[in-house]
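Residue-level listing of the chains:
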Amino acid sequence: KNQVEQSPQSLIILEGKNCTLQCNYTVSPFSNLRWYKQDTGRGPVSLTIMTFSENTKSNGRYTATLDADTKQSSLHITASQLSDSASYICVVSPLTGNQFYFGTGTSLTVIP
Amino acid sequence: SQTIHQWPATLVQPVGSPLSLECTVEGTSNPNLYWYRQAAGRGLQLLFYSVGIGQISSEVPQNLSASRPQDRQFILSSKKLLLSDSGFYLCAWSGTISYNEQFFGPGTRLTVL
């Protein structure tokens, strides 16, 4: 069964600190994995996309990693800012079909 | 550039009333279209997706329905709303290969009383 699991469910960190969010998946055959940021009351917005051959990809203070062998991905946020407070969603796409598999997200709160 | 619109932004409806949420996409043709629901503090649940006009796939049996009368228009409907239909409804589009990103609309907050 194709599944995407994220941890932790929620996280509170101090402004300026780093944090790492985890995503494990069983989707097969694998095509790509995306990390989305969803601000409260808004639609998700893509941060990074990882394909099978990519191990690390950065987008500003966001760095995503992918281990296709263990089917794990992480999103590392450096020097967190108050505006990073949001839900971060991991989404995996299979090679075939028109569906995307969503994790339940990690709710991040950055406090001053 | 492509944009996706959803309306209304918020909606409060009584139980048993009908529903119609509309989503339109600009700047692309023949997109795949999706309706998702997100309950408070929960992940996105795929409700319907469409790969073309008049082609609708339903993922979860419920009292909702979807239609795609035009290439870039996707409508979510219900004849009689239930309390459990409350949630945040998101429309999204993607290109026709799985490599493509999903682009989400701003969402509709539906409260059924």
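Residues numbered from 1 in each chain as written. Chains lettered and ligands numbered in written order. Predicted model: local features only at pLDDT ≥ 70, side-chain atom pairs only at ≥ 80, totals over all residues. Heavy atoms only, no water.

Caption draft 1: Structural detail: the state of the cysteines. Residue and element names in this part refer to chain A. Using the criterion set out here, one finds two disulfides over all chains in the structure. Put simply, Cys23 and Cys90 are joined by a disulfide, and their sulfur atoms are 2.0 Å apart. Between Cys23 and Cys90 the disulfide shows an S-S torsion of about -70 degrees. By sign, it is left-handed. Of the two residues, Cys23 is situated in strand 3 (residues 19-25) and Cys90 in strand 9 (residues 86-94); the sequence distance between them amounts to 67 residues. (Disulfide = S-S within 2.5 Å. Helix = DSSP H or I, 4+ residues; strand = E, 2+ residues; numbered from the N terminus.)

Caption draft 2: Main features of the layout of surface pockets. Considering only enclosed or pocket space, the largest pocket measures out at about 580 Å³ in volume. Looking at the largest pocket, it is lined by 22 residues, and the ones nearest its centre are Phe102 of chain A together with Gly43, Leu44, Gln45 and Leu46 of chain B. Breaking the lining of the largest pocket down by element, the ones donating at least two residues are strand 10 (101-102) of chain A together with strand 4 (32-38) and strand 5 (44-52) of chain B. The leading source of residues in the lining of the largest pocket is strand 5 of chain B, at three residues. Each pocket or cavity is described by its volume, and for the second largest pocket that value is around 450 Å³. Forming the boundary of the second largest pocket are 23 residues, of which Gln38 and Ser87 of chain A together with Gln38, Gly41 and Arg42 of chain B lie nearest the centre. Listed by contribution, the elements that provide at least two residues to the lining of the second largest pocket are strand 9 and strand 11 (106-111) of chain A. By residue number, the principal contributor to the lining of the second largest pocket is strand 11 of chain A, which donates four residues. Of the residues contributing to the lining of the second largest pocket, the split by class is five nonpolar, 15 polar and three charged. (1 Å grid on protein atoms, 1.4 Å probe; cavity = no way out; pocket = protein on both sides within 12 Å on 5 of 7 lines; lining within 4 Å. Points joined across faces, edges and corners; volume = space filled by probe spheres on them. Nonpolar A, V, L, I, M, F, W, Y, C, P; charged D, E, K, R; others polar.)

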